[in-house]
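Coordinate analysis (summary)
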Amino acid sequence: MTETSPTFTDYDPYDFANRRHIGPAPAEMAEMLATVGADSLDALIDETVPESIRQSAATARAIDWGAPLSEGAVVEALRETAHKNQVFASLIGQGYYGTITPPAILRNIFENPAWYTAYTPYQPEISQGRLEALLNFQTMISDFTGLEIANASLLDEATAAAEAMAMAERVSKSKATGFFVDAGCHPQVIDVVRTRAEPLGWTVHLGDPETDLDPAAVFGALLAYPGAQGEIRDLAPVIARLHAAGAIAAVATDLMALALLTPPGEMGADIAIGSAQRFGVPMGAGGPHAAFIAAKDAHKRALPGRLVGVSIDARGNRAYRLALQTREQHIRREKATSNVCTAQALLAVMASMYAVFHGAEGVKAIAQRIHAKAVALASGLEALGFEVAPKRFFDTFTVEVGALQGVILNAARNRGVNLRRVGATRIGMSLDEATRPETLAAVLEAFGAEDGARALPAIDPTDDDAERLPEALRRTTPYLDHAVFQMNRAEAEMTRYMRRLADRDLALDRAMIPLGSCTMKLNATAEMTALSWPEFADIHPFAPADQTRGYREMIAELSDMLCKLTGYDAMSMQPNSGAQGEYAGLLTIRRYHQARGEGARDVCLIPTNAHGTNPASAQMLGLKVVPVPCDARGDVDVEAFRKAAETHADRLAACMITYPSTHGVFETRVREICEITHAQGGQVYLDGANLNALVGLARPGDFGADVGHLNLHKTFCIPHGGGGPGMGPIGVKAHLAPHLPGHLSELGDAGRSDLGSGAVSAARWGSPSLLVIPWAYCRMMGVAGLTQATKVAILSANYIATRLSGAFDVLYASDAGRVAHECVIDVRPLAKSAGVTVDDIAKRLIDCGFHAPTMSWPVAGTLMIEPTESEPKAELDRFCDAMLAIREEARAIEECRADRENNPLKRAPHTVEDLIGDWDRPYSREQACYPPGAFRVD
C-alpha cells in the first residue's frame, strides 16, 4: 500500500494535541505491534482495511485544512470565533429563554467530566448517581405537569411533540388518520410534527382548537398552553371533546409557567411535552436541551425513550435502574415504538439540579419575578398608548405597532435587545429569569419613551392583584414536595450532594469504557472549554444572522472538514442525535425519489449485522423493512442481498448498511453491495456508528454511500453525557443535497404558512453549541493526526483480540485474522461449562474497575469490545489482565476448584456492604475486591 500519511515514528514529541488523543506512546505501539505480529502500523492497516475501499494517495493529499493547532492556539481560535457572535438580550422567546445556571451546577455538572463522560446507565450498579438525578428529573416533570409518569428526557421540544403524536396514534381508540395541531404552538414545533406525519400518511390539521377542531376527524391533538403569543386558555372543554371521540389530548407546555398555572394533567390531558431549557440550561443557539414527555400511567408502555424506575438490590435496599428496557429499539428493531437512542441525560441532570437547588419556593419566586417583569413592561407599553394582547398572560405578549414594526425592531437592536416579528404589524416579546431592568427600559425607549427607566412601573412579584394570570387557572396544587427538593440548599450541601451522586458512577474520568459501537474516547478539555462561554452559550437560535457570524463560520468550516473526510458533498447539521441522523438521511432519500416521480419506492433492505436503530428509523418513514441475512463469517450474504434487491427492484428505496459492520470486520464486498443497490434504483445509507475505523483511510462517499450520518458524539469527541447529548449530522452526495432538511428560520415569515420546510429538529443546527468540540478536535489533530487516531484504534482492537485469543474465541475476523476497531468475543461456552453468563462477567468487571463492553449485541451472549485510540497501553493491559483472570476464575469452576454458585464470578460485584458483613464465602475478601486489573493503593 502506498504511504499516504506519517507513521507513528514520524510524530513530533512536542505535538501535544495528538499525544492527548492518542493514548499509546510510540514505544508502546511498537510493543503492541509485536504482540499482534505486524511489522509496522501501516502493514497492519494494509492487512486489515480492504484495498478496494482505501482512498487514493491523490485523495489523501487533497484532504487538507492547514497545519494542526496547538491546544493554546485552538483556544485562541475559539476566542476569535466567539467574538464574531454578538450576545444581545433576546426576548424572542418561541421556546428559548435566558436562564441563570447556578455556578455550583455549572462547575460540578456541566463542566465536570465525571458527569459529561459517562455512558448511558444500562449497568445500574455503576450508574446509581445518574439514575437518581434522572429520577429527580422525572419526578420534577410529573409534579409540574400533573401527570403520573415522565421519561428521562427527549431531544428537543419539537421532536418531543412528534413523539407525542406517534404515541397518541398508538394508544388512541379513534380510527381517524388526522392529527390536530394548535396554531398557538411554536412554528418550529408545527414544522417538525408535519415532517414526521407526512411519511406515515397522517394528515395534520392546523387551527384554533375552540373553533376548528373536529374531534371525530383526528386520533389526537396537540394543544398549546401557554400559546406562542402568550395566550392562556382553559383546555378542559377541548380535552373532554377529544376524549368523547376516543382521541388523545397532548399539551405543549412551559415548566416555568406551570409553577403558577393549573397543570395540564388536572385538565385531563393524556400527554404533556415541552423543554426544560429554562431550568438552568443555556440557550446555546438551539441546544442541547432536555425535552420532556409525561403521560398518564395507563400509557406508560407506549412512552418513548428511557424511564428510570425504583428497584430493590440484592440486600433489599432501594436502588434505581432503567425500566421497561424491552422497548429498546435495538431489541425490537422495526417493531420499536420509537428510534430514540440518544436522549439528553446531561441536560436533564442540570435541569433537575436547578429544581433541587431552588426548591418549590425558589422556582415559584423565579416564576413570579418573570411574570412581574412581563406585567411591568406591558403596563409601560400600554401607558405609551400601545395595545397589548392577550390581556392575560404569563411571560409573553404581543404589541400592535402597525407600520412602525421595522423601525421599533431596529431601535431595540440598536439598544442590544432582540424582539420577535409577529405577522406584519405586531411585535412579540418573552421575558425570562435573566431579563434585567435595563433591558426593559431599553424596550420602552425603542417604543418611544424618553426615559425607559422612569416609564417602567414597579410591580411587586408577590402582589396577586398585580398579576395578569387567568384567575380560574391559578395553580393550587403543590409541586417539588419530594424530600430531595426540600434539602438544605446551601452551596456546601448542594456541592456535596452532586459529588455523592458522581461517586456512585463510573465514567471515563475513572477508567476505560470499552463499549463496542459506542466509541467512548477522550473528550479533551481544550475542546470542551468554550461551551460555557457566553458568546456560545447565550445566543438565541433565532437571533439575526449578523449576531451569529461566529457560529455560521465555524459550522461552515466544520462541514467542509467533514465533507473532505467522508467524501460527501454537503452536510446538514440539523439532526441532534445519531437516530435523528438515520431518520433525516432516509427522509432525504424519500424526497429524492418523490422529486423524480418514484415516490412508490418504499422498501428498505437492512442486513442483520447493521446498527440496531436502523430498522426502527426505516419504520418511522413508513418503509417496509426487508432483513438480509449474514453468512457464517458474519458478513452480509451478498447473493441473498442481490436476490432481495432484484425481487423488490421496482419498490427499492434504500439499503442501510453499517461499515465496518457491527461484527467488527471490514467486509470486502461493500462496493458490490452499493452497486447492486444502485442498479435497482435504490440509494445507499451508510450508518456512521463505526466511522472511527475509517477516518483518514477510506471515505464512504467514494466507495458507494449516498448518505450517512456521523456520530459526532463518537468519532468526533462530543461526550456521551450519561446518555446524551449527541449530534448526528448527515452527509450526502450532490444529487441528494437539494433534499436535505430545511428550517423555518431560513425561510422567513413567508414560509410559515406553507406545508413546512421539512425540519427534523427544533433548531436549524440541532445542538450547535456542541459543534465547537468537533471543530476544535479537527483543527487540533489535523488530517494526519485524525488518520493516526484511526490507525491506532485499529491497532488497539487487534491488540486486545490477540491477547484474549485462546482464552476466548474472537467471533469474527478477516481472512488475515484481523478485526477492525472493535471485536466480538464469545463467552457463551462458559455458560455451559461453568454456569457463567455474560452478565456475571459484566458484574465481575465492576470489581476490576471497568464498565463492561457492549453485552449480548449484536450477538446474544457475547461481548463487543472497542478500546479506541485514546487508551494507553497500560489501560488496555489492565483490561486484558482482568478478562484473562475472569477466564481463570471460570476455569476453577470447570475444574471443580470453586463452587458453581458461591464463587467470585457469581457473587459479583462485591460491595462495601458485602465487606462489612459476615463473610461466609469460600474465597477471600482480597480475591473478591482486588482481582487482577483492579486499582489498589500501594
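The structure displayed is predicted, hence computed values, not measured ones.

**Points about the overall build of the protein chain**
A count of helices and strands for the protein chain gives 34 helices and 26 strands. A globule of 938 residues ought to have a C-alpha radius of gyration of about 30 Å, and the protein chain, at 28 Å, matches this closely. Considered along the principal axes of its C-alpha atoms, the protein chain spans approximately 85 × 70 × 60 Å. Looking at the 938 residues of the protein chain, the share that counts as buried comes to 65%. Taking all contacts inside the protein chain whose residues are at least 6 apart in sequence as the whole, residues at least 24 apart take part in 77%. Carbon and sulfur atoms form 50% of the exposed surface of the protein chain, whose accessible area is close to 31600 Å². For the protein chain, the separation between the mean place of its 87 positive charges and that of its 114 negative charges on side chains is 2 Å.

**Things to note about helix H8 (residues 128–145)**
End to end, H8 covers 26 Å across 18 residues, agreeing with the expected 26 Å (1.5 Å per residue, within 8%). By the criterion of burial, H8 is predominantly enclosed, with 17 of the 18 residues buried. Of the residues flanking the end of H8, it is glycine 146, one or two places downstream, whose phi is positive at about 75°.

**A closer look at the packing of helix H3 (residues 41–48) against helix H28 (residues 772–804)**
Between H3 and H28, whose axes approach to 10 Å, the crossing angle comes to 75°. In terms of their interaxial angle, H3 and H28 are classed as roughly perpendicular. In this structure, H3 uses Leu41, Asp42, Leu44, Ile45 and Thr48 to contact H28, whose residues at the interface are Gln788, Lys791, Val792, Ile794, Leu795 and Asn798. Counted by class, the contact of H3 with H28 contains six nonpolar, three polar and two charged residues.

**Concerning helix H22 (residues 578–595)**
Counting along an α-helix, one turn takes 3.6 residues, and residues three or four places apart therefore face a common direction. Compared with an ideal rise of 1.5 Å per residue, which puts 18 residues at 26 Å, H22 spans 26 Å between its outermost C-alpha atoms and is within 8% of the ideal. For H22, the buried fraction is high: 16 of the 18 residues fall into the buried class. If you check the start of H22, you find a side-chain oxygen 3.3 Å away from the backbone N of alanine 579, and it comes from serine 577. Among the residues trailing H22, glycine 597 stands out with phi positive, at a value near 75°.

**Comments concerning the sheet that holds strand E15 (residues 426–430)**
Read across the sheet, four strands follow the order E11-E12-E15-E14 without closing on themselves; strand pairing throughout is antiparallel. Of all the strands in the sheet, the pair left with one neighbour each is strand E11 (387–389) and strand E14 (420–422). Here the average twist between neighbouring strands, direction ignored, is 30°. Across three bridges, E11 lies against strand E12 (residues 396–400) in antiparallel orientation. Paired with alanine 389 across the bridge in E12 is threonine 398. Strands E11, E12 and E15 of the sheet are contacted by helix H14 (residues 345–383), whose axis makes an angle of about 10° with E12.

**As for the confidence of the model for the protein chain**
For the protein chain, per-residue confidence averages 94 on the pLDDT scale, and residues scoring 70 or more make up 95% of the total. Low pLDDT (under 50) marks residues 749–756, which in the prediction has 10 contacts with non-local residues, meaning those over four places away or in another chain.

The rules behind these values
Residues numbered from 1 in each chain as written. Predicted model: local features only at pLDDT ≥ 70, side-chain atom pairs only at ≥ 80, totals over all residues. Heavy atoms only, no water. Helix = DSSP H or I, 4+ residues; strand = E, 2+ residues; numbered from the N terminus. Rg over C-alpha atoms; globule rule 2.2 N^0.38 Å. Buried < 20%, exposed > 50% of the residue type's maximum accessible area, 1.4 Å probe, protein only. Contact = heavy atoms within 4.5 Å. Areas by Shrake-Rupley, 256 points an atom, 1.4 Å probe, with all protein chains shown as cover. Lys, Arg positive; Asp, Glu negative; His and termini not counted. Charge placed at Lys NZ, Arg CZ, Asp CG, Glu CD. Expected span 1.5 Å × (residues − 1). Axes fitted to C-alpha atoms, helices over the stretch in contact; angles between N-to-C directions. Parallel < 35°, antiparallel > 145°, perpendicular 65-115°, else oblique. Nonpolar A, V, L, I, M, F, W, Y, C, P; charged D, E, K, R; others polar. Polar contact = N/O pair within 3.5 Å; in protein donor to acceptor, adjacent residues only side chain to side chain. Pairing = 2+ DSSP bridges. pLDDT = per-residue confidence, 0-100.

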